[in-house]
Amino acid sequence: MNTTIEYFNERAEHFFSDAFTITERTNQDRFLSYLSQGAHILDFGCGSGRDTAYFREHGFRVAPTDGSSEMCRLAAEYLNAPVRVLEFNELTDADTYDGIFASASIMHIEYDKLVELFPKMHRALHRGGILYASFKYGESDFYLGKRWYTNMTEERLEELSTTGNLFEIVELGSFGNEHPDQPDFRFLYVVLRAR
């Protein structure tokens, strides 16, 4: 049983305040550069709501969701707006969004669940819609405490992203850890366009 949501519920206050120590917005801006002004975004695993607020400040419509009910409660207070409690595998929206932002979020489910999730995210997007996702770089999947990590190499992420020919890769790259108080490690990101 994946205990990640339980972990975030238990430590929601910590993760909420910690999110605001990260001021870098390169990945958010990268994602927005592929969208038209006013586009409809699913912030998929929104955590604190920090990115939802940033997207809204830049004129985008955003639907924030998170699997942790406690993170949703704190994000809703911060945003002064509802935040939907939604586990990743519960996504059933169809032809709804211009973009999905899954930054360091879907990495917390197992690889076989990711294989099932990508078609659901494709279905939720309009044709030509943009998906941004990021993962820690590595070849091994593991628990760190009660948090599950599915890590990616370039080859593994490319294979996952193109399975079923649902998406085309627009951009695939890496960046260092954005958190000021953690040791440096790499993330891989992918920008996909729905076929």
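Here goes a summary of the coordinates provided. Everything numeric here is computed off the predicted structure, so don't read it as measured data.

Looking at the side chain of T3
Summarising the element assignment, T3 is placed in the segment before helix 1 (4-10). A relative accessible area of 18% places T3 in the buried class. Ignoring anything within four residues of it in the chain, the contact list for T3 reads Y143 and K146.

A word on the pairing of strand 5 (residues 125-136)
Within strand 5, nine of the twelve residues are buried, leaving the element largely enclosed by the surrounding structure. Taken together, strand 4 (residues 97-102), helix 6 (residues 111-124) and strand 5 form a β-α-β motif whose crossover is right-handed.

Describing the state of the cysteines
Per the stated rule, a full pass over the model turns up zero disulfides. You can see C72 has no disulfide; the closest cysteine sulfur is in C46, sitting 5.5 Å from it.

Some words on the environment of F167
Here F167 shows up in strand 8 (residues 167-176). Put simply, F167 and Y78 are 89 residues apart on the chain and 34 Å apart in space, counted from C-alpha to C-alpha. In this structure F167 touches F118, M121, H122, L125, L131, S161, T162, L192, R193, A194 and R195, once residues within four positions along its chain are discounted.

Examining the side chain of T52
Its place among the elements puts T52 in helix 4 (residues 50-57). At a separation of 2.7 Å, a polar atom in the side chain of T52 contacts the side chain of D43. Once you skip the residues sitting within four places of it in the chain, T52 turns out to touch D43, C46, V62, P64 and L79.

Re helix 6
Counted at 1.5 Å a residue, the expected span for helix 6 with its 14 residues is 20 Å, and the 20 Å between its end C-alpha atoms agrees. The axis of helix 6 is deflected most strongly, by about 25 degrees, at L117, and proline P119 appears within four residues downstream. Of all the residues in helix 6, the buried ones are L114, L117, F118, M121, H122 and A124. The inward-facing, buried residues of helix 6 contact strand 1 (40-44), strand 4, strand 5, helix 7 (154-162), strand 8 and strand 9 (186-194).

Regarding the packing of aromatic side chains
Within a pair of aromatic rings, the relevant descriptors are the distance that separates the centres and the angle that separates the planes. Under the criterion given, the structure shown has 16 aromatic pairs. Measuring from centroid to centroid gives 5.1 Å for Y143 and W148, while their planes differ by 75 degrees, and the two rings are edge-to-face. Residue Y143 is classed as partly exposed on the basis of its relative accessible area, which comes to 35%. Feature note: the residues F31, Y54, F55, F101, Y132, F175, F187 and Y189 constitute an aromatic cluster, connected by ring pairs.

Basis of the calculations
Residues numbered from 1 in each chain as written. Predicted model: local features only at pLDDT ≥ 70, side-chain atom pairs only at ≥ 80, totals over all residues. Heavy atoms only, no water. Helix = DSSP H or I, 4+ residues; strand = E, 2+ residues; numbered from the N terminus. Buried < 20%, exposed > 50% of the residue type's maximum accessible area, 1.4 Å probe, protein only. Contact = heavy atoms within 4.5 Å. Right-handed = clockwise from strand over helix to strand, strands pointing away. Disulfide = S-S within 2.5 Å. Polar contact = N/O pair within 3.5 Å; in protein donor to acceptor, adjacent residues only side chain to side chain. Expected span 1.5 Å × (residues − 1). Bend = angle between axes of the 7 residues up to and from the residue. Phe/Tyr/Trp six-rings, centres within 6.5 Å; stacked < 30°, edge-to-face > 60°.

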